[in-house]
Amino acid sequence: MTSTVPEKTLTPSTEVELSIGGMTCASCATRIEKKLNRMDGVTATVNFATEKAKVSYPDGVAVADLIATVEKTGYTAEEPLPPASSAGGEAESGPVAADGESVPLRQRLLVSLALSVPVVLMAMIPALQFDNWQWLSLTLAAPVVVWGAFPFHKAAWTNVRHGAATMDTLVSLGTLAALGWSVWALFFGHAGMPGMRHGFEFTISRSDGSSSIYLEAAAGVTTFILAGRYLEAKSKRKAGAALKALLELGAKDVSVLRGGKEVRIPVGQLAVGDRFVVRPGEKVATDGTVVAGSSAVDASMLTGESVPVDVTVGAAVTGATVNAGGRLVVEATRIGSDTQLARMARLVEDAQNGKAEVQRLADRISGVFVPVVLLIALGTLLAWLFVTGDATAAFTAAVAVLIIACPCALGLATPTALMVGTGRGAQLGILIKGPEVLESTRRVDTVVLDKTGTVTTGRMRLQDVFSAPEVDEEELLRLAGSLEHASEHPIAQAIAAGAIERAGGLPVPENFDSVAGLGVQGLVDGHAVLVGREELLRQWAIELPRELAEAKAAAEAEGRTAVAVAWDGEARGVLTVADAVKETSAAAVAELRRLGMRPVLLTGDNQAVAESVAKTVGIDEVIAEVLPHDKVDVIKRLQDEGRVVAMVGDGVNDAAALATADLGLAMGTGTDAAIEAGDLTLVRGDLRVAADAIRLSRKTLGTIKGNLFWAFGYNVAALPLAAAGMLNPMIAGAAMAFSSVFVVTNSLRLRSFK
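Because the structure is predicted, anything quoted here is derived from the model rather than measured.

Participant: Is there a simple way to explain the overall build of the protein chain in this structure?
Facilitator: Within the protein chain, the regular secondary structure consists of 28 helices and 26 strands. Relative to its full complement of 754 residues, the protein chain shows a buried share of 54%. The contacts of the protein chain with a sequence gap of at least 6 include a subset with a gap of at least 24, amounting to 70%. Accessible area for the protein chain stands at about 31600 Å²; split by element, carbon and sulfur atoms hold 57% of it.

Participant: So what exactly am I meant to see when it comes to the sheet that holds strand 12 (residues 322-323) here?
Facilitator: What the 3 strands build is an open sheet, ordered 10-9-12; its pairing is antiparallel. With one partner strand each, in any of the chains shown, strand 10 (309-311) and strand 12 form the two edges of the open sheet. Pairing geometry for strand 9 (residues 295-298) and strand 12, over 2 bridges, is antiparallel. The partner of Asp298 across the bridge, within strand 12, is Val322.

Participant: Honestly, the nonpolar core in this entry has me stumped. Any pointers?
Facilitator: The nonpolar side chains of soluble globular proteins are, as a tendency, buried together. Residues Ile432, Leu449, Leu601, Val648, Leu665 and Leu682 are the most contacted members of the largest nonpolar core, which totals 45 residues. For this core, the leading source of residues is helix 27 (residues 688-723), giving 9 residues. For Val648, the residues in contact, after removing those within four places along its chain, are Val447, Val448, Leu449, Asp450, Thr454, Leu658, Leu665, Met667, Leu682, Leu687 and Ala690. In terms of nonpolar packing, the next biggest core, distinct from the first, is built from 37 residues, Met460, Val471, Leu479 and Val577 among them.

Participant: Would you explain the environment of Lys283 in this entry?
Facilitator: Tracing the backbone through its elements, the reader meets Lys283 in the loop between strand 7 (275-278) and strand 8 (287-292). Distance from Lys283 to Asp253, taken between C-alpha atoms, is 9.7 Å for residues 30 residues apart in sequence.

Participant: Explain the pattern of salt bridges to me, please; I cannot follow it from the model alone.
Facilitator: Any two side chains of opposite charge can pair, given that their charged atoms come close. For the structure shown, the criterion picks out 25 salt bridges. For the salt bridge of Glu591 with Arg594, the shortest nitrogen-to-oxygen distance reads 2.8 Å. In this pair, Glu591 and Arg594 are both assigned in helix 22 (residues 585-594), 3 residues apart and thus about one turn of the helix distant. Judged by relative accessible area, Glu591 falls into the partly exposed class, the value being 22%. According to the relative accessible area criterion, Arg594 is exposed, its value standing at 62%. Across the salt bridge formed by Arg695 and Asp692, the nearest N and O atoms sit 3.0 Å from each other. Taken together, the residues span about one helical turn, with Arg695 and Asp692 both in helix 27 at a distance of 3 residues. A residue is classified by how much of its surface remains accessible, and Arg695, at 26% relative accessible area, is partly exposed. Salt bridges linked by common partners bring Glu534, Arg538, Glu543, Lys552 and Glu556 together as one network.

Participant: Looking at this structure, how should I read the sheet that holds strand 21 (residues 570-581)?
Facilitator: Taking strand neighbours across the sheet as the criterion, the 6 strands line up as 16-21-20-19-18-17 in an open arrangement whose pairing is antiparallel. Looking at strand neighbours, the two that pair on one side only are strand 16 (456-467) and strand 17 (511-515), the edges of this open sheet. Taking each pair of neighbouring strands and ignoring which way they run, the sheet shows an average axis angle of 20°. The pairing of strand 20 (residues 561-567) with strand 21 spans 7 bridges and is antiparallel. The residue of strand 21 that forms the bridge with Ala564 is Val574. Lying on the sheet, helix 21 (residues 546-557) is in contact with strand 16, strand 20 and strand 21; it crosses strand 21 at an angle near 15°.

Participant: How should the packing of helix 22 against helix 27 be read in this particular structure?
Facilitator: Two packed helices can be described by the angle between their axes and the distance between those axes. Interhelical geometry of helix 22 versus helix 27 gives an angle of 25° and a closest axis separation of 7 Å. By the criterion of interaxial angle, the relationship of helix 22 to helix 27 is roughly parallel. Two secondary-structure elements touch here, helix 22 through Ala587, Ala588, Glu591 and Leu592 and helix 27 through Arg688, Ala690, Ala691 and Arg695. Residues that form the contact of helix 22 with helix 27 fall into these classes: 5 nonpolar, no polar and 3 charged.

Participant: Help me understand the pairing of strand 8 in this model?
Facilitator: Within a regular beta strand, the side chains point alternately toward one face of the sheet and then the other, so they alternate between its two faces. Here 5 bridges tie strand 8 to strand 13 (residues 328-334), and the two strands are oriented antiparallel to one another. Across the sheet, residue Val290 finds its bridge partner in strand 13, namely Val330. Bridging between strand 8 and strand 11 (residues 316-317) involves 2 bridges; their strand directions are antiparallel. Of the residues in strand 11, the one forming a bridge with Thr289 is Ala316.

Here is what the cut-offs are and how they apply
- Residues numbered from 1 in each chain as written.
- Predicted model: local features only at pLDDT ≥ 70, side-chain atom pairs only at ≥ 80, totals over all residues.
- Heavy atoms only, no water.
- Helix = DSSP H or I, 4+ residues; strand = E, 2+ residues; numbered from the N terminus.
- Buried < 20%, exposed > 50% of the residue type's maximum accessible area, 1.4 Å probe, protein only.
- Contact = heavy atoms within 4.5 Å.
- Areas by Shrake-Rupley, 256 points an atom, 1.4 Å probe, with all protein chains shown as cover.
- Pairing = 2+ DSSP bridges.
- Core = buried A, V, L, I, M, F, W, Y, C linked by side-chain atoms within 4.5 Å.
- Salt bridge = Lys/Arg side-chain N within 4 Å of Asp/Glu carboxyl O.
- Axes fitted to C-alpha atoms, helices over the stretch in contact; angles between N-to-C directions.
- Parallel < 35°, antiparallel > 145°, perpendicular 65-115°, else oblique.
- Nonpolar A, V, L, I, M, F, W, Y, C, P; charged D, E, K, R; others polar.

Structure representation (structure tokens):
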């Protein structure tokens, strides 16, 4: 573990990322952060969502010292895996490991639920209270409070040892006190007598604590809180998946040229200077320079550029891009952590770790609420002992304070609203990852839209056909489409598909030849046909007439790709190809404006293409020709201007920007990396769903706030009655049940969202 420490402490300030275990709420992260920051020269940021600590430490401090400090605080910490194994072991630690942790939590929840239901029913329905029913309740409730609530007891004990208190403390004390008092009442009081009944008395009066049991409250609270923790674990386990999705984009193995022969090796064994082969359809293994061959490379997943880039000898290519054309031989120039893909992975990781964790309302309030309740319970006990000298009455009142303050409805406030909201969202094509992303939706005032695959379809399509005088448009499409159908180039395929759609079947060319970087030529139905750039026609001494030249220039000014067609020595027409705008994008932009957001188009495409698309959908602000790291800079610049920014994107190139934005909305039709980096996923790929997602998120957040207000308001109102010894245990139980029913009913209103 410490073998790498000398290397890490050579510089005045070194950074390390630690995986933290044992955190149960945001206050745990705050406590670890404070402890680390108290070390001389150490600056730490602990992220509860990703379960990681980013620590900067000076010379003289070892990683082992940092780990020891975390462990002394009551949690666990581990060093990151070595670079050689990080790609394969990314899922071994941190949030992804939570998938395994949620399995025992789920088992604990299901067992507790099965045991608690009959306990609650027997306590609340007198008809079910047969002779000695209370002993069956004890048999069922004891495992729930002892085993089911064990994580709360363990966390509470850890907090006590370090002089802290959280919601775990209150849950543990309340459930154990309820169980303990119930056991005392059953064995030493009157509650264990045969024929004992729990009746509903909707009056406030002092009662004999020796005949009252609180088993339904102890078991119910435990089950409710376990349900909340399980839902939280499910949402947290995906926190590190964006980085994993990025790393998995790269090629796994590569054909390297060794002694004139191709040898298949894992990408990890590739060295700078190695030459490797990339066949059509294969991924480029790493960043490099083309030394032989020519092709078109689809880099849309990295750059957002919708048009594949033609490459030939001397051109630079990027790892993880796809060879869409001919065979290439590439010389590796960067490998491993130096590649563009690896740098993008680091961007996403930094953006996630640097993203401020939104403290849940319950955790923020509980920082004051828990200590206050404990003081009230202690004060109630002492006051009753001092005033009456009756230990039974004193303990009854103190336990009532803990029971009535136990956050039963609070445990349901967030999960139920989130379950209903996310369920309704799924029906509308919206996936909300967790409650922590909702608060940003109310403050968002700027929405940044990626172009390719978000506002547009992300697929090249034949747009306009300009034919020379006396040239039949169908004939033009038939001859051009025939040649292009034989080509693997994406633009050629778009023309061929459009020709088939508009002109029907295509003849088979008698011969076909691809001219690198210029186009294609061949013999079709006895005509010598040329399809490609204007330069290809000039090689055959063919010039475009004025009408076609003007049409070509106009199309290119709008950002479209223009392809010239000639046969038998004369120019016959111009075909234009472009990434088509989605039919619903203009309506979506209008809806986002109605929600009070300013739309911005952000893309890696050229300025002409971007402005043409923006004009079509009604966007005024355009930022074009940006690289992936530039997208992150744009988001940060907008945030520095005081704006709260939402980002909508679908490509790997958008992943870091989605993670950096205050709210990331990923198109579900895009890459896994973008989907995992986003806070909200729009499954249908319809931009109008982005507006629905904002509205649903805002409504869900409002419901959560309403639930929390009721849950805490109920506790605050009931505490004085409990402290005064005026709260009948059954009224407390009924009030707790009503509080839970109210919260659930309020959450169910989200099902009517349209």
